[in-house]
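Residue strings, one per chain:
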Amino acid sequence: MIYGAINEKGERYYTRMSKVFEAIHQKQCAYNWLISDVDHVSSKIEALYDQKHYCWISGDELTKIVQEEDWQWDWAVLSGFDKSIPLSEVLKYPHPYADGYRGFWENPVSIQHPLACIEIVCWDSCLTLFISDQQTLVENFKAYFPLLSITKGKGVRDFYG
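Just so you know, these numbers come straight off a predicted model, no measurement behind them. (Residues numbered from 1 in each chain as written. Predicted model: local features only at pLDDT ≥ 70, side-chain atom pairs only at ≥ 80, totals over all residues. Heavy atoms only, no water.)

## Remarks on the overall build of the chain
Stage number 1. A tally of regular secondary structure across the chain gives 5 helices and 7 strands.
Stage number 2. Helices and strands appear in the chain in the N-to-C order β-α-β-α-β-α-β-α-β-β-α-β.
Stage number 3. By the burial criterion, 52% of the 161 residues in the chain qualify as buried.
Stage number 4. Considering only intrachain contacts with a sequence separation of at least 6, the fraction spanning at least 24 residues in the chain is 71%. (Helix = DSSP H or I, 4+ residues; strand = E, 2+ residues; numbered from the N terminus. Buried < 20%, exposed > 50% of the residue type's maximum accessible area, 1.4 Å probe, protein only. Contact = heavy atoms within 4.5 Å.)

Below, the structure is given as C-alpha cells:
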C-alpha cells in the first residue's frame, strides 16, 4: 500500500528540505535519490541537474547539500530508491515531474517512478507532497507537521474539492 500526506498549512516555508528530513528522522540517508523537474532549488543541485536534466545523488550527499544550503525549494521531485537499484535501471523510465502530473490528485495515491519507494514533491514552494510505501515515514511526517492534509491510500483529490 502507498501512503501520502500534504504539508500545506501552518508553515512559513513548505518546501524546505531540512524540515522534511527532520520530520522523517533523517531516513533520506537510507536511499539514493533521483531529483527531477527542478526549478529554483539548491544551487549545488541545480548545477548537477543542468548537466543531465536529472540529478542522481546518495542520501548522505543530499543531506550534506541541504545542510550547506538550507532554503526553500520551488519545484522538484525527489524520488528515493533502495541503494541496491542501479541508476541504469532507474533511467529506463521517464523522469518524474510535478507541474501537470495528474496522478497526485487521483485515487489511489501513487509514487510516479515504478522502482521508487518514496517521493517528495516540492510544489511551487506552497506545499510538499510526501508519498511512501512505508506508513511509518508518512506517520512521522504527519506528526512533525500536525496541520497538514492527510491521505491514506485514497489519493489527495478529496482535499481539493
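## Examining the packing of aromatic side chains
Stage number 1. This model, assessed by the stated rule, comprises 9 aromatic pairs.
Stage number 2. Taking 4.7 Å as the distance between ring centres and 10° as the angle between the ring planes, the aromatic pair formed by phenylalanine 130 and phenylalanine 141 counts as stacked. Note that phenylalanine 130 is positioned in strand β6 (residues 127-132) and phenylalanine 141 in helix α5 (residues 135-144), a separation of 11 residues in sequence.
Stage number 3. We classify phenylalanine 130 as buried; its relative accessible area is 0%.
Stage number 4. Taken together through their ring pairs, the aromatic side chains of Trp75, Tyr97, Tyr101, Phe104 and Trp123 make up a single cluster. (Phe/Tyr/Trp six-rings, centres within 6.5 Å; stacked < 30°, edge-to-face > 60°.)

## A few points about the pairing of β6
Stage number 1. With 6 of 6 residues buried, β6 is to be regarded as a mostly interior element.
Stage number 2. Pairing analysis gives 5 bridges linking strand β1 (residues 3-7) to β6, with the strands arranged antiparallel. Opposite isoleucine 6, over in β6, you have leucine 129 as the bridge partner.
Stage number 3. Relative to β6, strand β5 (residues 118-123) is paired through 6 bridges, and the arrangement is antiparallel. Its bridge partner lying in β6, cysteine 122 is registered against threonine 128. (Pairing = 2+ DSSP bridges.)

## Quick look at the pattern of salt bridges
A side chain with one charge can pair with a side chain of the opposite charge if their charged atoms come near.
Stage number 1. Under the defined criterion, the tally for this structure stands at 4 salt bridges.
Stage number 2. A salt bridge links aspartate 70 to arginine 16, with the nearest nitrogen and oxygen atoms 3.3 Å apart. Here aspartate 70, found in the loop between α3 (59-68) and β4 (75-82), pairs with arginine 16, found in the loop between β1 and α1 (17-23); they are 54 residues apart in sequence, far enough to count as distant.
Stage number 3. Salt-bridge contacts for glutamate 89 lead to lysine 92; the nearest nitrogen and oxygen are separated by 2.8 Å. (Salt bridge = Lys/Arg side-chain N within 4 Å of Asp/Glu carboxyl O.)

## Some details on the confidence of the model for the chain
Stage number 1. This prediction gives the chain a mean pLDDT of 84; 86% of its residues lie at or above 70.
Stage number 2. Low pLDDT (under 50) marks residues 151-161, which in the prediction has 28 contacts with non-local residues, meaning those over four places away or in another chain. (pLDDT = per-residue confidence, 0-100.)

## Examining the side chain of serine 132
Stage number 1. Take serine 132: it is sitting in strand β6.
Stage number 2. A residue is classified by how much of its surface remains accessible, and serine 132, at 0% relative accessible area, is buried.
Stage number 3. Only 3.4 Å separates the side chain of serine 132 from the backbone oxygen of cysteine 117, close enough to count as a polar contact. (Polar contact = N/O pair within 3.5 Å; in protein donor to acceptor, adjacent residues only side chain to side chain.)

## Some details on the nonpolar core
Stage number 1. Ile35, Leu62, Trp73 and Leu78 are the most contacted members of the largest nonpolar core, which totals 31 residues.
Stage number 2. Look past the residues within four positions of leucine 78 in its chain and what remains in contact with it is Met17, Trp33, Leu34, Ile35, Leu62, Trp73, Ile118, Glu119, Ile120 and Cys122.
Stage number 3. Residues Ile85, Ala98, Val109 and Leu127 belong to the second largest nonpolar core, which totals 20 residues. (Core = buried A, V, L, I, M, F, W, Y, C linked by side-chain atoms within 4.5 Å.)

## Thoughts on the side chain of glutamine 28
Stage number 1. As for its placement among the helices and strands, glutamine 28 is situated in the loop between α1 and β2 (31-39).
Stage number 2. Reaching out from glutamine 28, the side chain makes a polar contact with the side chain of glutamine 26 at a distance of 2.8 Å.
Stage number 3. Discounting residues that sit within four places of it in the chain, glutamine 28 has contacts with Phe21, Trp33, Gly59 and Thr63.

## With respect to α3
Stage number 1. By the burial criterion, the buried members of α3 are Gly59, Leu62, Thr63, Ile65 and Val66. Down the axis of α3, the buried set is contained in an arc of 165°. They therefore lie on one face. Set apart from the buried face of α3 by more than 90 degrees, the exposed residues are Lys64 and Gln67.
Stage number 2. On its buried face, α3 sits against α1, β2, α2 (43-52), β3 (55-58) and β4. (Arc of directions from axis to C-beta.)

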